[in-house]
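# A look at the structure
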Amino acid sequence: MIDGKNTLVEVRIPSRLGFEKVAMGTAESVARLMGFPAARIEDLKTAVAEACINAMEHGNKLNDKLSVGVVLSATDDELEVKVMDNGPGFQAAPHQPDIDRKMRGEEEARGMGMFLIQALVDEAEWVKGSRGSDSYVRLVIRMEREGE
Amino acid sequence: MIDGKNTLVEVRIPSRLGFEKVAMGTAESVARLMGFPAARIEDLKTAVAEACINAMEHGNKLNDKLSVGVVLSATDDELEVKVMDNGPGFQAAPHQPDIDRKMRGEEEARGMGMFLIQALVDEAEWVKGSRGSDSYVRLVIRMEREGE
Amino acid sequence: MNTGEGMRAEARARIDTLSGSGGKPISAIRFSGDISSNSRDAILGSYEQIAKDHAVLLDFVKVDYVNSSGIALIIQLMLEAGKADQKVALFGLTPHFQKVFTMVGIGRYAEIAADEAAAVAAVS
Amino acid sequence: MNTGEGMRAEARARIDTLSGSGGKPISAIRFSGDISSNSRDAILGSYEQIAKDHAVLLDFVKVDYVNSSGIALIIQLMLEAGKADQKVALFGLTPHFQKVFTMVGIGRYAEIAADEAAAVAAVS
Ligand SMILES: Nc1ncnc2c1ncn2[C@@H]1O[C@H](COP(=O)(O)OP(=O)(O)O)[C@@H](O)[C@H]1O
Ligand SMILES: Nc1ncnc2c1ncn2[C@@H]1O[C@H](COP(=O)(O)OP(=O)(O)O)[C@@H](O)[C@H]1O
């Protein structure tokens, strides 16, 4: 990039299920512009969608008046994405879904979002906001998947 | 929409040519979610691209530190788009390109952006900012083109 | 624009009856739209309409967005089908979603097939 | 990511020589990438390499983004071609960009053809 500066793109969507697709579209356009391969763009889109849905549902409690902020910060070969909500945040490690327990009805069917995010990107970090709000999840995705 | 409220989506891009494609991607996703027909989405994308390029070039003088803000406001069957820059703005009526004069070299080849914007959307308005900055162009595009 | 639920491409589903090798009855649920938390009817409602002695195919050819809440509903369908001893196969997923479905373990309880023929073969 | 110019899909161009009906020589400039202010070389640079007695085809099959600055460069090419009495035809534009090119008047000085065969016929 020019002068090695970071390039910032921001998108803000209402806390309404379905609008994660707008953030996916924005992230996709940024990643295309950066020259990400198609498969990595798909990984990014799913991770952004899951992070936005969590921010809407768990962070903003689907309160339509609160928006979800997505900040995309591009450098030469990686994209950092912060997905921010107004809730207190969450700081446990993502739970690895146990399909055997789910199929026996011992674990609820849901609860795969954080796991997918972590599995699809190169770095994922959940950061609790100070003062019990303004939490975010921070993802980093590289153009080529490490070890691939 | 729920309670007839407007739905707001915002995207912010750097003043760097090429990033209009990010705003196009965001606008496309919003219009798809609203159920716009494919041809209207193409009209919207070109209008948003031209407005962003003007905001970057003429408004922000390609100053990388200034960003262009795009606010998309959706109601049931129309989408309002404001494309905002930090310049003094512009308030002439769009110039209708004269291909004959252009082909004789009597008019510069460029100068078609505002015309295209106005021709492709249902309403277009250029608003000069107070204090010589924060100008914007305001577009309205309806799901079905009037008279079609 | 949809009202109430906001602007979403709600999943729709159509059920087809096929026969596998040896005439074994198969019901195919053909989805279109988005597979999300909004798809309970399309997924579980459709499943309820299927005879319990039919194998079940899930056709994603016309789906381009699936999220984890949608996958959870697919797992609930698989749980019900498992109780009734019905075989389940999925097809029409993009390579990306084949990977995602495999990551969460779905491949251990249902065949994630390359196409309809392979899915039919898997449940026959 | 491109450096310098920032992140853009720069236009590339390849020149092919064809012959029209009666062996009339035609040069086709086949673009790919974006047609924007960044495309001066791909458009005007390519045009300069073409013999002045060739008709000119502009192939947009592999282009999916065109903006008004790119159209201005196409008009400059047409102006030069007009001076040399070379016929110009365009093809491979999506219906949307066919409309846009027509709106700015390009259709009055160049054929906006449905496909390559129609474009060849128009300049032959
Ligand atoms: N942005 C967030 N704010 C608060 N809590 C969150 C957030 N994201 C995730 N969580 C918590 O983590 C749990 C697991 O999330 P996830 O794995 O995405 O599954 P699901 O959303 O289906 O429950 C959620 O149920 C919620 O309690
Ligand atoms: N956002 C803006 N701020 C200031 N001036 C503008 C803006 N948009 C357009 N203009 C003015 O209007 C003129 C015509 O714009 P346009 O029709 O898009 O053609 P072009 O950008 O190719 O010159 C520009 O050259 C500029 O002087």
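### Some details on the site of ligand 2
Residues and elements named next belong to chain B.
- Taken together, Asn54, His58, Gly59, Asp85, Gly89, Phe90, Arg110, Gly111, Met112, Gly113 and Met114 make up the full set of residues near ligand 2.
- Between an oxygen atom of ligand 2 and a main-chain N or O atom of glycine 111, the distance comes to 3.0 Å.
- One of the backbone nitrogen or oxygen atoms of glycine 113 is found 3.3 Å away from an oxygen atom of ligand 2.
- In isolation ligand 2 offers 530 Å² of accessible surface; the protein chains occlude 80% of this area.
- Of all elements in the fold, only α2 (38-59) and α4 (113-120) reach the threshold of two or more residues within the shell around ligand 2.
- With three residues, α2 is the single largest residue contributor to the shell around ligand 2.

### As for the site of ligand 1
Residue and element names in this part refer to chain A.
- Taken together, the residues surrounding ligand 1 are Asn54, Ala55, His58, Gly59, Asp85, Gly89, Phe90, Arg110, Gly111, Met112, Gly113 and Met114.
- At a separation of 3.0 Å, an oxygen atom of ligand 1 approaches a polar backbone atom of glycine 111.
- Between glycine 113 and ligand 1, the recorded distance is 3.3 Å, taken from a backbone N or O atom to an oxygen atom.
- Protein contact buries 80% of the 530 Å² of open area that ligand 1 shows by itself.
- The set of elements that each furnish at least two residues to the shell around ligand 1 consists of α2 (38-59) and α4 (113-120).
- Among the elements that take part in the shell around ligand 1, α2 stands out by supplying four residues, more than any other.

### Focus: the interface of chain C and chain A
- Each side of the interface is counted separately: chain C has 27 residues, and chain A has 27 residues.
- Summing both sides of the interface, chain C and chain A together bury roughly 2300 Å²; the carbon and sulfur share of this comes to 66%.
- Here chain C and chain A share three salt bridges between them.
- Between aspartate 34 of chain C and lysine 21 of chain A there is a salt bridge whose closest N-O contact spans 2.4 Å.
- Remark: the boundary between chain C and chain A carries nine residue pairs in polar contact (both at pLDDT 80 or more).

### Here we look at the packing of aromatic side chains
- Evaluated as defined, the whole model comprises four aromatic pairs over all chains.
- Centroid distance phenylalanine 31 of chain C to phenylalanine 60 of chain C: 5.4 Å. Interplanar angle 40°. Geometry classified as tilted. Separated by 29 residues along the polypeptide, phenylalanine 31 of chain C in strand β2 (residues 25-35) and phenylalanine 60 of chain C in strand β3 (residues 55-66) bring together distant segments of the chain.
- We classify phenylalanine 31 of chain C as buried; its relative accessible area is 2%.
- By way of ring pairs, the aromatic residues Phe31, Phe60 and Phe101 of chain C are connected into one cluster.
- Geometry around tyrosine 136 of chain A places lysine 82 of chain A over its ring, the cationic atom sitting 4.9 Å from the centre.

### As for unusual backbone geometry
- Positive phi, normally seen in glycine, also occurs at lysine 61 of chain A, with a value near 50°.
- Along the chain, lysine 61 of chain A falls in the loop between α2 and β2 (67-74).

### Observations concerning the nonpolar core
- Ranked by size, the top nonpolar core spans 80 residues in total, and within it Ile13 and Leu79 of chain A together with Ile13 and Leu79 of chain B carry the most contacts.
- Ignoring sequence-local partners within four residues, the contact set of isoleucine 13 of chain A consists of Phe19, Glu20, Val22, Ala23, Cys52, Met56, Ser67 and Val68 of chain A together with Leu8 and Val9 of chain B.
- With 40 residues, the next largest nonpolar core counts Tyr47, Ile50, Ile74 and Leu90 of chain C among its residues.

### A closer look at helix α1 (residues 20-34) of chain A
- Over its 15 residues, α1 of chain A runs 21 Å from end to end, which matches the ideal 21 Å to within 8%, given 1.5 Å per residue.
- Among the residues trailing α1 of chain A, glycine 35 of chain A stands out with phi positive, at a value near 90°.

### What to know about the pattern of salt bridges
- Tallied over the full model, the rule gives 50 salt bridges over all chains.
- Between glutamate 78 of chain A and arginine 142 of chain A there is a salt bridge whose closest N-O contact spans 2.9 Å. One end of the pair, glutamate 78 of chain A, is in strand β3 (residues 78-85); the other, arginine 142 of chain A, is in strand β5 (residues 135-142), with 64 residues separating them in the sequence.
- A residue is classified by how much of its surface remains accessible, and arginine 142 of chain A, at 19% relative accessible area, is buried.
- In this structure, the salt-bridge partner of glutamate 28 of chain B is lysine 45 of chain B, at a minimum N-O distance of 3.3 Å.

### Some words on the relation of the copies chain B and chain A
- Once turned by 180° and shifted 0.0 Å along the axis, chain B lies on chain A with an RMSD of 0.0 Å. Given the turn and translation reported, the copies of this chain are related as if by a two-fold rotation axis. By C-alpha distance to the rotation axis, the residue of chain B lying nearest is valine 11 of chain B, at 2.1 Å.
- A share of 100% of interface residues in chain B that are also interface residues in chain A marks the association as one of identical surfaces.

### Quick word on the packing of α1 of chain A against α2 of chain A
Residue and element names in this part refer to chain A.
- Their axes nearest at 9 Å, the elements α1 and α2 cross at an angle of 145°. Handedness of the α1/α2 crossing: right-handed. Between α1 and α2, the contacting residues are Glu20, Ala23, Met24, Ala27, Glu28, Ala31 and Arg32 on the first element and Ile41, Leu44, Lys45, Val48, Ala49, Cys52, Ile53 and Met56 on the second.

### As for the interface of chain B and chain A
- Opposite the 22 residues of chain B that make contact, chain A presents 22 residues.
- Of the roughly 1800 Å² buried between chain B and chain A on both sides combined, carbon and sulfur atoms contribute 68%.
- Ranking the residues of chain B by area buried against chain A places Arg16, Val22 and Leu33 of chain B at the top, with a combined share of 26%.
- On the surface where chain B and chain A come into contact, there are zero salt bridges.
- The tally of links from chain B across to chain A stands at five residue pairs in polar contact (both at pLDDT 80 or more).

### Describing the sheet that holds strand β3 (residues 55-66) of chain D
Residue and element names in this part refer to chain D.
- The five strands are arranged β1-β2-β3-β4-β5 in an open sheet whose pairing can be described as mixed. Two strands close off the open sheet at either side, each with one partner strand: β1 (12-19) and β5 (111-113). If you compare each strand with its neighbour and ignore which way they point, the axes differ by 25° on average.
- Bridging between strand β2 (residues 25-35) and β3 involves nine bridges; their strand directions are parallel. By the bridge assignment for β3, serine 32 is matched with lysine 62.
- Against the sheet, helix α4 (residues 116-123) engages β1, β2, β3, β4 (88-91) and β5, with an angle of about 170° to β4.

Rules behind the numbers
Sequence positions are assigned chain by chain, starting from 1 and proceeding in written order. Going through the entries in the order they are written, you letter the chains from A and number the ligands from 1. pLDDT decides what is reported in this predicted model: residues at 70 or higher carry local features, side-chain atom pairs at 80 or more are listed and counted, and totals for whole chains, interfaces and linings draw on all residues regardless. Side-chain metrics rest on all non-hydrogen atoms present in the structure, leaving aside hydrogens and water. For this description, a residue counts as near a given molecule or strand if any of its non-hydrogen atoms is within 4 Å of it. Throughout this description, a polar contact denotes any pair of N or O atoms lying within 3.5 Å of each other; where both atoms belong to protein, one of them has to be capable of donating a hydrogen while the other can accept it, and for residues adjacent in sequence the pair is counted only when both atoms sit in side chains. Here the Shrake-Rupley method, with its probe set to 1.4 Å, supplies the accessible areas, and only the displayed protein chains count as covering residues. Numbering of helices and strands runs from the N terminus, with a helix taken as a DSSP run of H or I at least four residues long and a strand as a DSSP run of E at least two residues long. Contact definition: two residues touch when any of their heavy atoms are within 4.5 Å. Each of two parts loses accessible area, computed with a 1.4 Å probe, when they are put together; buried area is these two losses added. Salt bridges are identified by distance alone: a Lys or Arg side-chain nitrogen within 4 Å of an Asp or Glu carboxyl oxygen. Each aromatic pair joins two rings of Phe, Tyr and Trp (for Trp, the six-membered one) with centres within 6.5 Å, and gets the label stacked for planes under 30 degrees apart, edge-to-face for over 60, and tilted for any other angle. Buried means the residue's accessible area, taken with a 1.4 Å probe over protein chains only, is under 20% of the maximum for its type, while exposed means over 50%, and partly exposed covers the values in between. Any Lys NZ or Arg CZ that is within 6 Å of a ring centre and within 35 degrees of that ring's normal is treated as a charge sitting over the ring. Note on terminology: a nonpolar core comprises buried Ala, Val, Leu, Ile, Met, Phe, Trp, Tyr and Cys residues joined through side-chain atoms within 4.5 Å. Helix span, as expected, comes to 1.5 Å for every residue beyond the first. Residues below a pLDDT of 70 in either copy are left out; the C-alpha atoms of the rest, at least 70 in both, set the least-squares superposition of the copies. Between the N-to-C directions of two axes lies an angle of 0 to 180 degrees, each axis being a line fitted to C-alpha atoms and, for a helix, fitted only over the stretch in contact. The hand of a helix crossing depends on one turn: near helix anticlockwise from the far one by less than a right angle means left-handed, and clockwise means right-handed. Strands qualify as paired when DSSP identifies two bridges or more between them.

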